[in-house]
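Examining the three-dimensional arrangement
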Amino acid sequence: MVFASLAAALAVAQQMPYYQDPREPFPEVWKDPGYNRFHWIQSPNWGTRPVGTVVDTVVVHATVIPTLERTTAAFCREASQVSAHFTIGRDGSFIQHVDTFARAWHAGVSKDPQGRTNVNDFSIGIELVNLNDGKDPWPDAQVNVLKNIIGGLKRRFPHIKQILSHEYIAVPAGRKSDPANFPWEKLKDLGLPMYYGQNKG
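Being a predicted model, the structure only gives us computed values, none of them experimental. (Residues numbered from 1 in each chain as written. Predicted model: local features only at pLDDT ≥ 70, side-chain atom pairs only at ≥ 80, totals over all residues. Heavy atoms only, no water.)

Thoughts on the overall build of the protein
Per the secondary structure count, the protein includes 4 helices and 10 strands. Of the regular secondary structure in the protein, the N- to C-terminal order runs α-β-β-β-β-α-β-β-β-β-α-β-α-β. In the protein, which comprises 201 residues, the share counted as buried stands at 45%. Roughly 10,600 Å² of accessible area belongs to the protein as shown, and the carbon and sulfur atoms make up 56% of that amount. (Helix = DSSP H or I, 4+ residues; strand = E, 2+ residues; numbered from the N terminus. Buried < 20%, exposed > 50% of the residue type's maximum accessible area, 1.4 Å probe, protein only. Areas by Shrake-Rupley, 256 points an atom, 1.4 Å probe, with all protein chains shown as cover.)

Here it is in structure tokens:
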């Protein structure tokens, strides 16, 4: 009887919204989800991580594309061959594009501080809507949600050990400059080593 009741409870629970597939189609009319809220709009640009991979790195990017909507549209185009796990808008709205257990295509040719290549294999990529001209500001709402997401990732992936800028990992050095003038000091209380700027090593 206990098992029957449990089975019935699970059957009911699976019909509740929390258990539904959170992925959504690209909306006909776009509306940013709002501060610390998200839509999951799946990108076709992803792959599987190598067997046995330990996810231990977060890479922070700037979109250069000026809006959350246009960035999401770009990541939804298979021809772009680019994606990230998340993109955070200026108001703290965010979109998930790729499951964090899968491999997004955000880092390109890359090397981390320990000399490991193919950073996509073991990292989570987070894009921030910003023109990356060194002048476009980084709103507190956007930075706070970045911290929230990384804090959640630390719980989901307890081996996370570093936060890297796209600029730092790009090969050859100087190939990328993002996120330009990001306020890295605001992430210090996450307690993770951070590597940013151009890697001259």
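With respect to the nonpolar core
I126, L146, L153, I163 and L187 are the most contacted members of the largest nonpolar core, which totals 26 residues. Elements that contribute at least two residues to this core include exactly β4 (57-62), β5 (86-88), β8 (123-128) and α3 (140-156). At 6 residues, the largest contribution of residues to this core is made by α3. Residues contacting I126, with those up to four places away along its chain left out, are V58, V59, V60, H61, F86, I88, L146, I149, I150 and L153. (Core = buried A, V, L, I, M, F, W, Y, C linked by side-chain atoms within 4.5 Å. Contact = heavy atoms within 4.5 Å.)

Quick notes on the side chain of H166
Checked against the element boundaries, H166 lands in helix α4 (residues 166-169). In this structure the side chain of H166 is engaged in a polar contact, spanning 3.1 Å, whose partner is the side chain of H61. (Polar contact = N/O pair within 3.5 Å; in protein donor to acceptor, adjacent residues only side chain to side chain.)

Let's talk about the pattern of salt bridges
Under the definition given, this model contains 7 salt bridges. A salt bridge links R116 to D112; the nearest nitrogen and oxygen atoms lie 2.8 Å apart. For D189, the salt bridge is made with K147, and the minimal N-O distance between the two is 3.1 Å. Of the two residues, D189 is situated in the loop between α4 and β10 (194-195) and K147 in helix α3; the sequence distance between them amounts to 42 residues. (Salt bridge = Lys/Arg side-chain N within 4 Å of Asp/Glu carboxyl O.)

Comments concerning the environment of R23
Mapped onto the fold, R23 is located in strand β1 (residues 23-24). Judged by its relative accessible area of 44%, R23 is partly exposed. Residues R23 and Q42, spaced 19 residues apart in sequence, show a C-alpha to C-alpha distance of 6.3 Å. Excluding residues that lie within four positions of it along the chain, R23 makes contacts with W40 and Q42.

Observations concerning the side chain of S165
Residue position: S165 is located in strand β9 (residues 162-165). The exposure class of S165 is buried, given its relative accessible area of 1%.

Some points on the confidence of the model for the protein
Taken as a whole, the protein shows an average pLDDT of 91; of its residues, 90% reach a score of 70 or greater. Low confidence marks residues 1-19, where pLDDT is under 50. Its contacts with residues over four positions away, or in another chain, come to 3 contacts. (pLDDT = per-residue confidence, 0-100.)

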